Amino acid sequence: RSHQHNCLTIDGKSHSTKANDMYESCRENARYDKASGVFITTLHWIPSAEVDHVRYCLYAPNEFFIVVDQMSSIDEHQYSQWFQIGNSYKEYEQQPSSILFETKDADDYFRMDFFCASKKPILNIFSANHDMPVGWVSKKYLTLEPNIAVEYNVKSKNIELWAVSRFVPNLSIEQIISRVD
């Protein structure tokens with residue numbers, strides 16, 4: 001199920017398990033920009049005749065990880081970004097468009113910020129949810145442990161969703177954008 005992984009769902013539907021539908025088969029570009037110290041990957045996926053989806057992943061080790069999903073369609077759809085959070089993060093502080101995760105290690109900083117042009121995005125956090133199989137991790141066969149799953153969703157025809165994870169407390173969004181622009 002896609003919503004149990006770091007994927008996008010469209011109208012609540014999981015990804016196909018057919019080989020030609022996998023993200024790996026959709027990769028258009030993957031490179032390392034030495035000047036900025038950022039790994040950049042572009043994926044282009046057309047899950048149906050109605051939706052065109054491009055995903056950009058930008059990663060600077062120990063600093064930030066950004067996922068940008070651009071969707072376009074002639075019809076309105078419910079788009080949801082899903083993220084599984086490592087199970088060392090048990091506590092969090094949620095704001096309308098951000099989450100600060102906490103661990104026992106005071107030096108471990110992890111904050112997620114979410115952006116889109118829509119006025120009505122919804123940010124949900126799940127842990128050990130029984131109604132929907134999210135917020136769990138299985139470390140060994142037939143066992144489940146509570147975990148945190150994050151969903152950022154919006155209903156739209158054409159939309160761009162940003163999920164910005166920062167691992168350094170004083171790193172601003174402006175500083176990140178200036179490096180990847």
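Above: the structure in question.
Residues numbered from 1 in each chain as written. Predicted model: local features only at pLDDT ≥ 70, side-chain atom pairs only at ≥ 80, totals over all residues. Heavy atoms only, no water.

(A) Spatial organisation of the sheet that holds strand β6 (residues 77-85). The four strands lie next to each other as β1-β6-β13-β10, forming an open sheet whose pairing is antiparallel. Edge strands, defined here as strands with exactly one partner in the open sheet, are β1 (8-10) and β10 (122-127). With strand direction ignored, the average angle separating the axes of adjacent strands in the sheet is 25°. Summarising the sheet, β6 and strand β13 (residues 148-156) pair through nine bridges and their orientation is antiparallel. Note on β13: the bridge partner recorded for Trp 82 is Glu 151. (Pairing = 2+ DSSP bridges. Helix = DSSP H or I, 4+ residues; strand = E, 2+ residues; numbered from the N terminus. Axes fitted to C-alpha atoms, helices over the stretch in contact; angles between N-to-C directions.)

(B) Quick peek at the packing of aromatic side chains. Counted under the stated rule, the structure contains eleven aromatic pairs. Judged by centre distance (6.1 Å) and plane angle (65°), the rings of Tyr 89 and Phe 101 are edge-to-face. Pair noted here: Tyr 89 is in the loop between β6 and β7 (91-95) and Phe 101 is in strand β8 (residues 98-102), with a separation of twelve residues, a long-range link. Neither residue differs from the other here; Tyr 89 and Phe 101 are each classed as buried. Geometrically, the ring pair formed by Phe 110 and Phe 167 is tilted, given 5.6 Å between the ring centres and 40° between the ring planes. Here Phe 110 is found in strand β9 (residues 110-115), whereas its partner Phe 167 is found in the loop between β14 (159-166) and α1 (173-180), with 57 residues between them in sequence. For Phe 110, a relative accessible area of 8% translates into the label buried. With relative accessibility at 28%, the residue Phe 167 sits in the partly exposed group. (Phe/Tyr/Trp six-rings, centres within 6.5 Å; stacked < 30°, edge-to-face > 60°. Buried < 20%, exposed > 50% of the residue type's maximum accessible area, 1.4 Å probe, protein only.)

(C) Geometry of the side chain of His 77. Considering the arrangement of structural elements, one finds His 77 in strand β6. Engagement of the side chain of His 77 in a polar contact is seen with the side chain of Asp 11, the distance being 2.6 Å. His 77 has contacts with Ile 10, Asp 11, Glu 50, Val 51, Val 154, Lys 155 and Ser 156, leaving out every residue within four places of it along the chain. (Polar contact = N/O pair within 3.5 Å; in protein donor to acceptor, adjacent residues only side chain to side chain. Contact = heavy atoms within 4.5 Å.)

(D) Broad picture of the pattern of salt bridges. Across all of its chains, the model carries five salt bridges by this definition. With a closest N to O distance of 2.7 Å, Arg 55 and Asp 69 form a salt bridge. Residue Arg 55 is located in strand β4 (residues 51-60), and its partner Asp 69 is located in strand β5 (residues 64-73); the two are separated by 14 residues in the primary sequence. Judged by its relative accessible area of 0%, Asp 69 is buried. A salt bridge links Arg 179 to Glu 63, with the nearest nitrogen and oxygen atoms 2.5 Å apart. On the criterion of sequence distance, the pair formed by Arg 179 in helix α1 and Glu 63 in the loop between β4 and β5 is long-range, its members being 116 residues apart. Look at Arg 179 and you get partly exposed, because its relative accessible area is 27%. By relative accessible area, which is 23% here, Glu 63 ends up partly exposed. One connected set of salt bridges, linked through shared partners, spans Arg 111, Asp 113 and Arg 166. (Salt bridge = Lys/Arg side-chain N within 4 Å of Asp/Glu carboxyl O.)

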